[in-house]
Amino acid sequence: MSAPLIRAQGLVAGWQRPATAPLDFMLEAGRILGLTGANGVGKTTVLSALAGSARVFSGALEMRPGLRLALQTQGVPPVDGVPLSGRELLALTAASPDGLPPWLVGRLDHRLDRLSGGQRHYLTLWTILQAPADLVLLDEPTNNLDAAGVAHLATVLRKRAESGCGVVLVSHDHDFVDQVCDQVMVLQEVADVV
Amino acid sequence: MWSELFLLPFLTGLCLALVLPVLGCFLRLRDEWLAALAYAHVAAAGALLALVGGLMPALGGMAAAALAGAGKRLFARRLAGGAAFAVLLLAGWAVAVLLAANQPLAERLGHALFDGQLYFSGGAQLALVAPWTAFAGAVLLVLSRHLLLARVYPDYFRARHLRAWPVVLGFDLIAALTLALATMTMGVMGGFALIFVPAWIAFRRAAGWRRGLLLAVATGVVGYVAAFALALWLDQPFGPVLALLLIALGLVIA
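Quick look at the structure, then.

1. A closer look at the sheet that holds strand β5 (residues 69-72) of chain A
Residues and elements named next belong to chain A.
Now for step 1: Reading across the sheet, the five strands line up as β5-β6-β7-β3-β8 and stay open at both edges, with parallel pairing between neighbours. Each of the sheet's edge strands pairs with one partner strand only, and the pair in question is β5 and β8 (183-186). Each adjacent strand pair in this sheet contributes to an overall mean axis angle of 15 degrees, direction not counted.
Now for step 2: Both strand β3 (residues 32-36) and β8 contribute to a ladder of four bridges, which runs parallel. Counted as the bridge partner of G34 is V184 from β8.
Now for step 3: Contacts between helix α1 (residues 43-51) and the sheet are confined to β3, β5, β6 (135-139) and β7 (166-170), with β6 contributing the most and set at about 150 degrees to the helix.
Now for step 4: Along the sheet, helix α4 (residues 117-129) makes contact with β5 and β6, crossing β5 at roughly 165 degrees.

2. Some remarks on the interface of chain A and chain B
Now for step 1: Contacts between chain A and chain B engage 29 residues on the former and 20 residues on the latter.
Now for step 2: It is P78, P83 and L92 of chain A that lose the most area in chain A upon contact with chain B, and together they represent 29% of the buried surface on that side.
Now for step 3: Our count for the chain A to chain B interface comes out at zero salt bridges.
Now for step 4: One can count ten residue pairs in polar contact (both at pLDDT 80 or more) joining chain A with chain B.

3. Re the pattern of salt bridges
Residue and element names in this part refer to chain A.
Now for step 1: One pass over the structure, following the stated rule, counts eight salt bridges over all chains.
Now for step 2: Linking E62 and R7 is a salt bridge whose minimum nitrogen-to-oxygen distance equals 3.9 Å. With E62 in strand β4 (residues 55-63) and R7 in strand β1 (residues 6-14), this pair connects stretches of sequence that are 55 residues apart.
Now for step 3: A relative accessible area of 34% places R7 in the partly exposed class.
Now for step 4: A salt bridge links D134 to R68, with the shortest nitrogen-to-oxygen separation between them at 3.4 Å. Separated by 66 residues along the polypeptide, D134 in the loop between α4 and β6 and R68 in the loop between β4 and β5 bring together distant segments of the chain.

4. Observations concerning the packing of aromatic side chains
Residue and element names in this part refer to chain B.
Now for step 1: In this structure the tally under the stated criterion is 15 aromatic pairs over all chains.
Now for step 2: A centroid spacing of 5.6 Å and a plane angle of 75 degrees characterise the contact between Y224 and F238, whose relative ring orientation is edge-to-face. A residue pair is termed long-range when its members are at least 10 positions apart, and Y224 in helix α10 (residues 209-234) and F238 in helix α11 (residues 238-253) qualify at 14 residues. As far as the burial class goes, Y224 and F238 line up, both buried.
Now for step 3: Three or more aromatic residues link up through ring pairs in this structure, and these residues are F10, Y224, F228 and F238.
Now for step 4: Seen from the ring of F203, R28 lies directly overhead, with NZ or CZ sitting 5.6 Å from the centre.

5. Quick look at α1 of chain A
Residues and elements named next belong to chain A.
Now for step 1: Taken across its nine residues, α1 has eight buried, putting it largely inside the fold.
Now for step 2: Within α1, the full set of buried residues consists of K43, T45, V46, L47, S48, A49, L50 and A51.
Now for step 3: Positive phi shows up at G52, right after α1, with a value of about 90 degrees.

Parameters at a glance
- Residues numbered from 1 in each chain as written.
- Chains lettered and ligands numbered in written order.
- Predicted model: local features only at pLDDT ≥ 70, side-chain atom pairs only at ≥ 80, totals over all residues.
- Heavy atoms only, no water.
- Pairing = 2+ DSSP bridges.
- Helix = DSSP H or I, 4+ residues; strand = E, 2+ residues; numbered from the N terminus.
- Axes fitted to C-alpha atoms, helices over the stretch in contact; angles between N-to-C directions.
- Contact = heavy atoms within 4.5 Å.
- Buried area = accessible area lost by both parts, 1.4 Å probe.
- Salt bridge = Lys/Arg side-chain N within 4 Å of Asp/Glu carboxyl O.
- Polar contact = N/O pair within 3.5 Å; in protein donor to acceptor, adjacent residues only side chain to side chain.
- Buried < 20%, exposed > 50% of the residue type's maximum accessible area, 1.4 Å probe, protein only.
- Phe/Tyr/Trp six-rings, centres within 6.5 Å; stacked < 30°, edge-to-face > 60°.
- Lys NZ or Arg CZ within 6 Å of the ring centre and 35° of its normal.

Here it is as C-alpha cells:
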C-alpha cells in the first residue's frame, strides 16, 4: 500500500493567529475528502495550509514528497480585458479539453471575458481540475454553476479520483459533498472546541 | 550615402517595432504599462549623466535602466501599486531636464531623446539593437507561459512551487534594457507609443493571446514604417509623427 497523500494530526492552521480547531485526517490517492462547516471555521484556511500558503501553528501536517498540487480558489481569475481564449487558458496548466461539457466545447476559442459568468467559472475550474496533479484542492467549486454544471462536475470529480488523484474540496453544498466525497469532515469553530 | 543616412536608422527602428509591441502586451497584462515611461525617462537621465561624465551615452542609459529594473524590487513594499514606476519616471525626468538645462553637452542629446529623432542611429546602434531585440523576443516567448500563469492563477503558480522571482526579475530586466535601447534610438515618447498603442489595440480586438501578439506586432510595424516615410517626406521629427499615426490607428481599430 502506498503512503497517504496527506496525514494531519492535531493540525491547527491560520494566518496571523490560529483559525482552526485541531484537525486529524488522512487522504489516500484516489479518494475525495469533503470539508464542510459554518462560515469562519477555517475551511479555506485548511486548503491554504495544504497548499503551503497558510501557517501551521501546531500539530503535524505531512504531505507525500514530490506531490504535484493543483489549487482552485474562490477568486475569479482576472481576465477582464485580457485577450485570452479558453483553449489558451487550458494550455497554461496543460489541462486536456477532453470531457468538457458540450455547452463549453464550442466556446473554447472565445475570449474568456466574452463568456457568461457560469461558463467562465466552469472553464477556469476545469483548467485546475484537469491539470496534471496528484492532489487537487477545490474551494467552493459549485459556486455559480447551474444544475447541469453541478451534475457534470460530480461525474468528472469521481472520474478524476478513479484515475488515482486525491481531491480535497470545501463546499457549503451538502448534497454535492454527500454525493461525491468518500470521506467528510465537518469543521467546528475554535471557540466550540476550546 | 542613402544607406548611411536612412537604411541603418530604418532597420534599427524596425527591430524595435517588432519587439516593443510584444513587450507592451506583457506590460499591459501585468498592469505595468507605466513602466515603459519610467524606464525610458531613467534611461534618458542615465544617458545624459554618462555623456557629462565622458562615457558612452548608450551604456549609461542601459545601466541606469537595468539598475532601476532590478532595484525596484528592493522598495516593492514601500512603493506598491505601480508607485515605483511613478517615482522612477519623476526622478528620471527631473535629472534629465536639470542636466540638459545646465550642461551644454547634454542639451543637444537631451533634445534628441525627448524630441524622438530616429535618424541619428548608425551602424553601432544597429549592432547593439538587432541582437538584443532578437534575444529579448526569445526570452519573452520563454517567459510567456509563466507570466500568464502568474497573472491568471497566482495561487496555482505558488502551489506548484514555481519560483516567481526569476520570472519577474528576468522580465523587469528585459523591459528596462529594451526600453533603454528604444529611448536611445527613437526617443522617450517614440518608444512609449510602440509599447502602449499596439498593446491597447490587441487587448481590445484580439480573440486570443497569440493572435493579440500578432496583431500588436502588425500594428507596430505598419505604424512604424508609415511614420518613418511620413516624417522623412514632411521633414518632421520621427517620434511625434509615430505617436500621432499610432493614436489615429488605435482610435480607428480599437
